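# Architecture at a glance
Spelled out from the first residue to the last, the chains are:
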Amino acid sequence: MSILKFILKFILKFILKFIQILKLNLSKFKVIIPIRCFTCGKPVAQDWEKYNEIVNNGKSPKDALDELGYNRACCRRMFLSNVELIDRIAKFKNFKK
Ligand SMILES: [Zn+2]
């Protein structure tokens, strides 16, 4: 019975570690816009600032993406779904470790 408990504990520890790693990776994805579109591989990061500028000048995100020439839905979602959290997260970064 003790061997079974030991194995169960080991598996639980492994699963918890895996979840921690997953959470870290997920938080990394939210920080800045990915360099390339996940689906088709077209580079998108170089237009992120232009996109923000156009949207901040009062145009809709649809018009901004049309203007920048992003026709595929997979590339458009890279812009529309991106949340920039780098400034918020950078405050809590511990550089001493
Ligand atoms: Zn794409």
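Reading the values: the criteria
- Residues numbered from 1 in each chain as written.
- Predicted model: local features only at pLDDT ≥ 70, side-chain atom pairs only at ≥ 80, totals over all residues.
- Helix = DSSP H or I, 4+ residues; strand = E, 2+ residues; numbered from the N terminus.
- Buried ≥ 20, exposed ≤ 12 C-beta atoms within 10 Å, placed from the backbone.
- Contact = placed C-beta atoms within 7 Å.
- Core = buried A, V, L, I, M, F, W, Y, C linked by C-beta atoms within 7 Å.
- Axes fitted to C-alpha atoms, helices over the stretch in contact; angles between N-to-C directions.
- Parallel < 35°, antiparallel > 145°, perpendicular 65-115°, else oblique.
- Left-handed = near helix turned anticlockwise from the far one by under 90°.
- Nonpolar A, V, L, I, M, F, W, Y, C, P; charged D, E, K, R; others polar.

## A closer look at the overall build of the chain
Each helix and strand in the chain was counted, giving 5 helices and 0 strands. Going residue by residue from the N terminus, the α and β elements of the chain occur as α-α-α-α-α. Looking at the 97 residues of the chain, the share that counts as buried comes to 10%. Across the chain, every contact between residues at least 6 apart in sequence was considered, and the portion connecting residues at least 24 apart equals 49%.

## Some details on the nonpolar core
Of all hydrophobic cores here, the largest spans 9 residues; its members are Ile33, Val44, Tyr51, Ala64, Leu65, Tyr70, Cys75, Met78 and Phe79. If you list the elements that add at least two residues to this core, you get helix H3 (61-68) and helix H4 (73-80). In terms of residue count, H4 provides more of this core than any other element does, 3 residues in total. In contact with Ala64, other than residues within four places in its own chain, are Tyr51, Ile54, Val55 and Lys59.

## Description of the environment of Asp47
Tracing the backbone through its elements, the reader meets Asp47 in the loop between helix H1 (2-29) and helix H2 (48-56). For Asp47, a count of 20 C-beta atoms within 10 Å puts it in the buried group. Each C-alpha atom, one on Asp47 and one on Leu65, is 9.6 Å from the other, the two residues being 18 residues apart in sequence.

## Some points on the packing of H2 against H3
Between H2 and H3, whose axes approach to 9 Å, the crossing angle comes to 135°. On the basis of the axis angle, H2 is oblique to H3. H2 and H3 meet at a crossing whose hand is right-handed. Contact with H2, carried on its side by Lys50, Tyr51, Ile54 and Val55, involves Pro61, Ala64, Glu67 and Leu68 of H3 and no other residues of that element. For the contact of H2 with H3, the per-class residue count stands at 6 nonpolar, no polar and 2 charged.

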